Amino acid sequence: MAAEFSFADEYVGAPLPYDLPEAIPIEIADQIPIAAIATASLSDDIPVVDPIPVAKPPSTTSPTSVFENSIHDLSSELKNSSAATSDFTDSSFSSPDPDPDPDPDPDPDPDRDADRRVQKQHSCHRCSKGSRFTEKETCLVCNAKYCINCLLRAMGSMPEGRKCVSCIGSPVEDSKRERLGKSSRMLRRLLSSLEVEQVMRAERCCEANQLRPEDVCVNRKRLSPEEMVLLQSCPCPPQKLKPGYYWYDKVSGFWGKEGHKPDKIISPNLNVGGSLMRNASNGNTGILINGREITKVEMQMLKWARVQCAGNPHFWVNADGTYQEEGQKNIKGQIWSRATTKLLCSFLSLPVPSKGANPSGEEVNNMLNRNLPDYIEHRTLQKLLLTGFHGSGTSTIFKQAKFLYRSVPFSEEERESIKLIIQSNIYSYLCILLEGRERFEEESLAEKKKKQPHEPSGTDECDSVTVYSICPRLKAFSDWLLKVMASGNLEDIFPAATREYAPTVAELWKDPAIQATYNRRSELLLLPSVASYFLERVVDISRMEYEPSDMDILYADGITSSNGLTFTDFFFPPLPYEASGIDGADQQDTLLRYQLIGLHTKGLGENCKWLDMFEDIRVVIFCISLGDYDEYFEDASGITLNKMMESKRLFESMVTHETFDQVDFLLILNKYDILEQKIDRSPLTQCDWFDDYNPVSSRHRPNNDRNRNDGTTKAQQAFHYIAVKFKRLFATLTGRKLYVTSSNSLDSDSVDAALRYAREILKWEEERPSPNDFSSFEPTTLSP
Ligand SMILES: Nc1nc2c(ncn2[C@@H]2O[C@H](COP(=O)(O)OP(=O)(O)OP(=O)(O)O)[C@@H](O)[C@H]2O)c(=O)[nH]1
Ligand SMILES: [Mg+2]
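Residues numbered from 1 in each chain as written. Chains lettered and ligands numbered in written order. Predicted model: local features only at pLDDT ≥ 70, side-chain atom pairs only at ≥ 80, totals over all residues. Heavy atoms only, no water.

Named according to an unreviewed UniProt entry, the protein chain is Extra-large guanine nucleotide-binding protein 1-like originating from Iris pallida. Under the Sequence similarities (unreviewed entry) heading, UniProt states for the protein chain: "Belongs to the G-alpha family. XLG subfamily." Its UniProt record gives the protein chain a comment under Subcellular location (unreviewed entry), which states: "Nucleus". (UniProt positions renumbered as here; feature names shortened; annotations may be inferred.)

Right, here's the structure in full:
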């Protein structure tokens, strides 16, 4: 070893030998020509990356043979290990080639001397130059070594880390997994630190370099990709998992290699692998824990823990260590209750529950805070894009999602800014009302005049008063406020002055003229329905110490980021009935995280050009207000348009956008409550697109009463009609099926149901047969 150090010290400044063998004979080290080392130093013109993949270097360990060998080692280990494995006859495991070609590149010259063989073995795979002492980088798959001049040509941009181009996509040798993500000196010389970081990240996180689920067998069943994710991302996963055969006791969380005593306690209740076998750990004590015959050391541990073992009892042991005998209902004790038991376990090399373990299974509720490996994170994050026409309720749905699924829906900072928005919104609402009042006053005066054109105007004052008139003091305040708003200078008086004026605003709001104006709110196109909710409490809301309630936040308008994009990550907590008996599929659901991306139409750009950004969206949730059918707005050029028609236009451009040509759409027909309120007085045919609406109706029955023929209400009929209209439109435009649901986004349960429906759609999509699979039938019904 001393020789190695002196060797390295001698060549300070030159590249140090890479992969220096444990013991280098000093004579060889002394013979290395300095020139040979110099060739390994970084040349100024780093070779341009060769885009054409180089031929896969011949190797004594091809990717498959490497992998097969590890399986082979494993099965032979298991075969030898115990009688328990002798009946392991899973024929689905391909038996590895017992004698893989020992040398696919046989030496043509059997007389070549040992030094030359060593030289070839250690020279660069591409240029054949260099010796074992020149710095080289090794392919993680085939072991080919490359010198600094050839590395980039051989490995390209390294999308999966250090692999020859021809090895990309192949699994890495298990023994090399420890090396993943640990950069080498050569790489740091060739690439910038940012590039090195990127390559290392790719090496660590790309899917091809992960342990393959089918290489891990739990309770004699190979894992599926989902089971693998579940296992690796649970709160107490088996650390440093390698290919192999394992047993897992789901009830207690005990985990071990087949034929061996337990060596870990992992999270219980994971639905992975098959059923636990009695002989899983090759025990021969006659004592059973959760159906597995325990080993002698475990029996010893039980005895020390004062668990009565006479008569070979069969125990049920829970994750918290409590145990009971099979067939008996009472808990007999707790294995870990005595401090000495844990000590003895470490003495016997038996696992004890880890501090972080949460035996109650509460971890399911804490999934959001997990630290998932990037590749799992990526695989388990489902993106849902939420958008819709202005005022359709997307922000309300978004806020509901935060309230429903986030433990801290809004930070202190967010609440503070929402508070200011609410306080200033009040003045916007009031101004809409004041403008409306002026308009209505003028109209009614004109009408008055029209009715009595020839009457003598002796009582001037009386003539100029209408139900929309306000007293001079309030009129002066109104004029001043409208002027401030028109000049866009609300910020100048807000919030200080507005606090002062809160009592005047309250007085105005209560004034009969404003109330009369408010009664005609359907004519005030810009007045949101929540105006009265806030105006009622203007004095309270305007106070400095006002803190918006959840309801206030939900109702508040205008909480949208400047670029029109907001997002929130969440997972669906199990519903009460799900939590009691989470089955396999549902357990995997709780693992999936969702990202709700709220996109305001103003962020879409012309012709929805920014939609290209959303290519990894799984479901588009398009929101339409059911109340829009008889509502209008003025576009930029002053043309009055029907809101439902505009919603339809936006819907058409979204569903036909090429980014979403494979993406499922969920249409939320929102504001169902408003439809219920107005359908009786305002026919659906007000919207041109619905002019053929002809519901089966019972004339003498009120809105919410059941229709005599089929038991549906008017609102339900209208909803069905609109849903089918959109389904047909979608089918015509895309040839696909549209999912539709109704909601009232002010009601959290309704939003929860709608978003869970989006989750169902994702599940169906995953189960959906590929287009080539003609054996299954895809329903094409248009009914919602
Ligand atoms: N009655 C009723 N009101 C709703 C419902 N959903 C939303 N609103 C109200 O409708 C108004 C508009 O809702 P938002 O969620 O702000 O709509 P949006 O799609 O974000 O609209 P913009 O961001 O302004 O384009 C708000 O005042 C909401 O409180 C609903 O289901 N029923
Ligand atoms: Mg919004």
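Caption draft 1: Seen up close, the overall build of the protein chain. Helices and strands together make up the secondary structure of the protein chain, namely 28 helices and 20 strands. Accessible surface, the protein chain as shown: approximately 40400 Å² in total, 52% of it carbon and sulfur. (Helix = DSSP H or I, 4+ residues; strand = E, 2+ residues; numbered from the N terminus. Areas by Shrake-Rupley, 256 points an atom, 1.4 Å probe, with all protein chains shown as cover.)

Caption draft 2: Structural view of unusual backbone geometry. For Arg220, which is not glycine, the phi dihedral falls at a positive 65°. On the secondary structure map, Arg220 appears in the loop between strand E3 (216-218) and strand E4 (221-222). Under the relative-accessibility criterion, Arg220 is labelled buried at 19%. With phi around 45°, Asn312 is a residue other than glycine that occupies positive phi space. Its location among the elements puts Asn312 in the loop between helix H10 (296-304) and strand E10 (314-317). (Buried < 20%, exposed > 50% of the residue type's maximum accessible area, 1.4 Å probe, protein only.)

Caption draft 3: How the structure looks around the pairing of strand E16 (residues 617-625). With respect to burial, E16 is a largely interior element, eight of its nine residues being buried. Examined bridge by bridge, strand E13 (residues 381-388) and E16 share six bridges and lie parallel to one another. When the sheet's bridge partners are listed, Leu385 is paired in E16 with Val620. As defined by bridge partners, E16 adjoins strand E19 (residues 664-670) across seven bridges and the pair is classed as parallel. (Pairing = 2+ DSSP bridges.)

Caption draft 4: Structural context of the site of ligand 1. Taken together, 18 residues lie around ligand 1, and His390, Ser395, Thr396, Asp673 and Ser745 are the ones closest in. Taking Ser395, its side chain carries an N or O atom lying 2.5 Å from an oxygen atom of ligand 1. Asn670 places a polar side-chain atom, nitrogen or oxygen, 3.3 Å from a nitrogen atom of ligand 1. For ligand 1, the accessible surface in isolation is 640 Å², of which the surrounding protein chains cover 91%. Residue assignment for the shell around ligand 1 shows that the elements contributing at least two residues are helix H13 (394-405) and helix H26 (672-678). By residue number, the principal contributor to the shell around ligand 1 is H13, which donates three residues. Considering only residue class, the shell around ligand 1 consists of four nonpolar, eleven polar and three charged. (Near = heavy atom within 4 Å. Polar contact = N/O pair within 3.5 Å; in protein donor to acceptor, adjacent residues only side chain to side chain. Nonpolar A, V, L, I, M, F, W, Y, C, P; charged D, E, K, R; others polar.)

Caption draft 5: Fine view of a positive patch on the surface. Where like charges cluster on the molecular surface, the positive patch consists of Lys182, Lys240, Lys242 and Lys257. Mapped onto the elements of the fold, Lys242 is located in the loop between helix H9 (225-233) and strand E5 (244-248). For Lys242, a relative accessible area of 48% translates into the label partly exposed. (Patch = residues over 30% accessible without salt bridge, like charges linked within 9 Å, V, L, I, M, F, W, Y side chains within 5 Å. Salt bridge = Lys/Arg side-chain N within 4 Å of Asp/Glu carboxyl O. Lys, Arg positive; Asp, Glu negative; His and termini not counted. Charge placed at Lys NZ, Arg CZ, Asp CG, Glu CD.)

Caption draft 6: Spotlight on the sheet that holds strand E11 (residues 322-325). Strand order in this open sheet of five strands is E9-E8-E10-E11-E12, and the pairing throughout is mixed. Looking at the sheet topology across the chains shown, the edges are occupied by strand E9 (292-293) and strand E12 (333-334). As paired strands, E11 and E12 are joined by two bridges and run antiparallel to one another. Within E12, the residue paired with Tyr323 across the bridge is Gly333.

Caption draft 7: Broad picture of the packing of aromatic side chains. Evaluated as defined, the whole model comprises 31 aromatic pairs. Ring centres 5.9 Å apart and planes at 25° place the aromatic pair Phe570 and Tyr594 in the stacked group. Here Tyr594 lies in strand E15 (residues 593-599) and Phe570 lies in strand E14 (residues 565-570), a separation of 24 residues in the sequence. Its relative accessible area of 0% is what places Phe570 among the buried residues. Under the relative-accessibility criterion, Tyr594 is labelled buried at 1%. (Phe/Tyr/Trp six-rings, centres within 6.5 Å; stacked < 30°, edge-to-face > 60°.)

Caption draft 8: Highlighting the packing of helix H16 (residues 472-486) against helix H18 (residues 496-510). Running from N to C, H16 and H18 point in directions that differ by 115°, and their axes come no closer than 11 Å. When the axes of H16 and H18 are compared, the pair comes out roughly perpendicular. Crossing angle aside, the handedness with which H16 passes H18 is left-handed. Residues Arg473, Leu474, Phe477 and Trp480 of H16 form the contact with H18, whose own contacting residues are Tyr501, Thr504, Val505, Glu507 and Leu508. In terms of residue class, the contact of H16 with H18 is built from six nonpolar, one polar and two charged. (Axes fitted to C-alpha atoms, helices over the stretch in contact; angles between N-to-C directions. Parallel < 35°, antiparallel > 145°, perpendicular 65-115°, else oblique. Left-handed = near helix turned anticlockwise from the far one by under 90°. Contact = heavy atoms within 4.5 Å.)

Caption draft 9: Main features of the sheet that holds E15. Sheet architecture is open: six strands sit in the order E14-E15-E13-E16-E19-E20, paired in mixed fashion. Of all the strands in the sheet, the pair left with one neighbour each is E14 and strand E20 (739-742). Pairs of neighbouring strands in the sheet enclose a mean axial angle of 20°, with direction left out of account. Looking at chain direction, E19 and E20 are connected through four bridges and run parallel.

Caption draft 10: Quick look at the UniProt feature "binding site: GTP" (unreviewed entry) in the protein chain. Following the UniProt record, the feature "binding site: GTP" (unreviewed entry) maps to Asn670, Lys671, Tyr672 and Asp673 here. Tracing the chain through its elements places Asn670 in strand E19. In this structure Asn670 comes out as buried when scored by relative accessible area, which is 0%. With residues near it in sequence (within four places) discarded, Asn670 still touches Ser392, Gly393, Cys623, Ile624, Ser625, Leu626, Ser743, Asn744 and Ser745. A distance of 2.8 Å separates the side chain of Asn670 from the backbone oxygen of Ser392, its partner in a polar contact.

Caption draft 11: Structural detail: the confidence of the model for the protein chain. Across the protein chain, the average pLDDT comes to 76, with 72% of residues at 70 or higher. In this model, residues 1-105 is a region of pLDDT below 50 whose contacts with residues beyond four sequence positions or in other chains number 132 contacts. Predicted confidence is poor over residues 772-784, with pLDDT under 50, and the contacts of this stretch with residues over four places away or in other chains come to 15 contacts. For this predicted complex, the interface confidence comes out at an ipTM of 0.99, alongside a pTM of 0.57. (pLDDT = per-residue confidence, 0-100.)

Caption draft 12: Representation of the environment of Leu684 in the model. When you line up the elements, Leu684 lands in the loop between H26 and helix H27 (714-734). Separated by 55 residues in sequence, Leu684 and Tyr629 have C-alpha atoms that sit 6.5 Å apart. Ignoring any residue separated from it by four or fewer positions in sequence, one finds Leu684 in contact with Tyr629, Leu675, Ile679, Phe690, Tyr693, Ala718, Tyr721 and Ile722.

Caption draft 13: Quick look at the side chain of Lys176. Summarising the element assignment, Lys176 is placed in the loop between helix H6 (151-155) and helix H7 (185-190). Taking the relative accessible area as the measure of exposure, Lys176 reaches 9% and is therefore buried. Among the polar contacts made by the side chain of Lys176, one reaches the side chain of Asn143 at a distance of 2.4 Å. Discounting chain neighbours no more than four positions away, the residues touching Lys176 are Cys139, Leu140 and Asn143.

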